[in-house]
Amino acid sequence: MKNLIKLFSILSIISFYNIDAQQVVKKDTLSGTELIMSMDARVNDALTSLEDKCSKVSYGKSSNVIDDDTPSKPTKILVPNRELTNAEICRKNPRILGYKIQITTVKSNDEANEIKTYFRKRFPNLKVETDASLRPNYKILAGSYFSKQSAASDLSKIKEYFKSAVAVQYRIFCAEAK
């Protein structure tokens, strides 16, 4: 009787192990290598239908709907073959990484305001601002430029009054830049 129970349990385990399992071979989408796995047939069918739905595209109106049986082509990304102009760059990003002229660094806000006033008298056409991100120090910055080359002419004029002036990379508003 014990042998009969053992035999029955072994047969039932083997039969349950093989029921509804099948070997499925899938190809990797990136490298194309084969992947072999055992799974239930219903799971394989569900995965296949999901993959098919992902590869089909439909568009807004019913008159423009692509047939569900035809796979769609991936959208084409256009890359310009020329360098973008400053206006095209500004249209995409109002703030970009450009350059400002760092006039000097001072220890107090009062000193910064004095230097800004002096600077505005000498260079009324340049915008000057204070950066307090390095407290207790304050940076006095002037102008907005797309490149170091565009800042060079103003920098040479400013260096006559402020010997420590230097062009630094800084986040600028595109509309203000030269």
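Residues numbered from 1 in each chain as written. Predicted model: local features only at pLDDT ≥ 70, side-chain atom pairs only at ≥ 80, totals over all residues. Heavy atoms only, no water.

Novice: Teacher, can you tell me more about the side chain of Asp154 here?
Specialist: On the secondary structure map, Asp154 appears in helix α5 (residues 148-158). Excluding its chain neighbours within four sequence positions, the residues that come into contact with Asp154 are Ile101, Leu126, Tyr145 and Lys178. (Helix = DSSP H or I, 4+ residues; strand = E, 2+ residues; numbered from the N terminus. Contact = heavy atoms within 4.5 Å.)

Novice: Explanation requested: the sheet that holds strand β4 (residues 128-131) in the structure shown.
Specialist: Two orientations exist for strands paired in a sheet by backbone hydrogen bonds: parallel and antiparallel. Sheet architecture is open: 4 strands sit in the order β4-β5-β3-β6, paired in antiparallel fashion. Two strands bound the open sheet, and with one partner strand each, they are β4 and β6 (166-173). Recorded for the sheet is a direction-independent mean angle of 45 degrees between the axes of neighbouring strands. Of the pairings in the sheet, the one linking strand β3 (residues 95-106) to β6 comprises 8 bridges and is antiparallel in character. Across the sheet, residue Ile101 finds its bridge partner in β6, namely Ala167. Of the strands in this sheet, β3, β5 (138-145) and β6 touch α5, which is tilted by about 20 degrees from β3. (Pairing = 2+ DSSP bridges. Axes fitted to C-alpha atoms, helices over the stretch in contact; angles between N-to-C directions.)

Novice: Explanation requested: the side chain of Thr104 in the structure shown.
Specialist: Residue position: Thr104 is located in strand β3. In this view, Thr104 contacts Ile115, Tyr138, Lys139, Ile140 and Ser164; residues no more than four positions away in its chain are not counted.

Novice: For this particular structure, what's the right way to read the pairing of β4?
Specialist: Looking along a regular strand, one sees side chains alternate from face to face of the sheet. The pairing of β4 with β5 spans 4 bridges and is classified as antiparallel. The residue of β5 that forms the bridge with Glu129 is Leu141.

Novice: Would you take a moment to explain the environment of Lys159 for this structure?
Specialist: With respect to the helices and strands, Lys159 occurs in the loop between α5 and β6. Taking relative accessible area as the criterion, Lys159 reaches 36% and is therefore assigned partly exposed. Residues Lys159 and Ile103, 56 residues apart in the sequence, show an inter-C-alpha distance of 8.5 Å. (Buried < 20%, exposed > 50% of the residue type's maximum accessible area, 1.4 Å probe, protein only.)

Novice: Is there a simple way to explain the packing of aromatic side chains in this structure?
Specialist: The description of an aromatic ring pair rests on the distance of the ring centres and on the angle between the ring planes. Evaluated as defined, the whole model comprises 4 aromatic pairs. Each ring, one from Phe119 and one from Phe123, has its centre 4.9 Å from the other, and the planes form 35 degrees; the classification is tilted. Centre to centre, the rings of Phe123 and Tyr161 are 5.7 Å apart; their planes meet at 85 degrees, and the pair counts as edge-to-face. Remark: Tyr161 occurs in the loop between α5 and β6 and Phe123 occurs in the loop between α4 (109-122) and β4; sequence separation between them is 38 residues. Given a relative accessible area of 41%, Tyr161 falls into the partly exposed group. A connected cluster of aromatic rings, assembled from ring pairs, spans Tyr118, Phe119, Phe123, Tyr161 and Phe162. (Phe/Tyr/Trp six-rings, centres within 6.5 Å; stacked < 30°, edge-to-face > 60°.)

Novice: It is not clear to me how the nonpolar core should be interpreted in this structure. Could you clarify?
Specialist: As a rule of thumb, soluble globular proteins bury nonpolar side chains together. In this structure, Ile101, Ile103, Phe119, Ile158 and Phe162 are the most contacted members of the largest nonpolar core, which totals 20 residues. Going through the elements one at a time, β3, α4, β5 and α5 are the ones with two or more residues in this core. With residues up to four places along the chain from it excluded, the contact list for Ile101 reads Ile140, Leu141, Ala142, Tyr145, Ala151, Asp154, Leu155, Ile158, Ala165, Val166 and Ala167. (Core = buried A, V, L, I, M, F, W, Y, C linked by side-chain atoms within 4.5 Å.)

Novice: What is the right way to look at the environment of Asn44 in this model?
Specialist: Residue placement: Asn44 occurs in helix α2 (residues 41-54). A C-alpha to C-alpha distance of 7.8 Å links Asn44 and Val24, two positions 20 residues apart in sequence.

Novice: In this structure, what is going on with the confidence of the model for the protein? I would like to understand it.
Specialist: Atom-level detail of predicted coordinates should not be read off regions where pLDDT is low. Overall, the prediction assigns the protein a mean pLDDT of 76, with 74% of residues at 70 or greater. By mean pLDDT, strand β1 (residues 21-27) is the weakest element of the protein at 69, and α4 is the strongest at 89. pLDDT under 50 marks residues 61-65. Its contacts with residues more than four places away, or in other chains, come to 3 contacts. (pLDDT = per-residue confidence, 0-100.)

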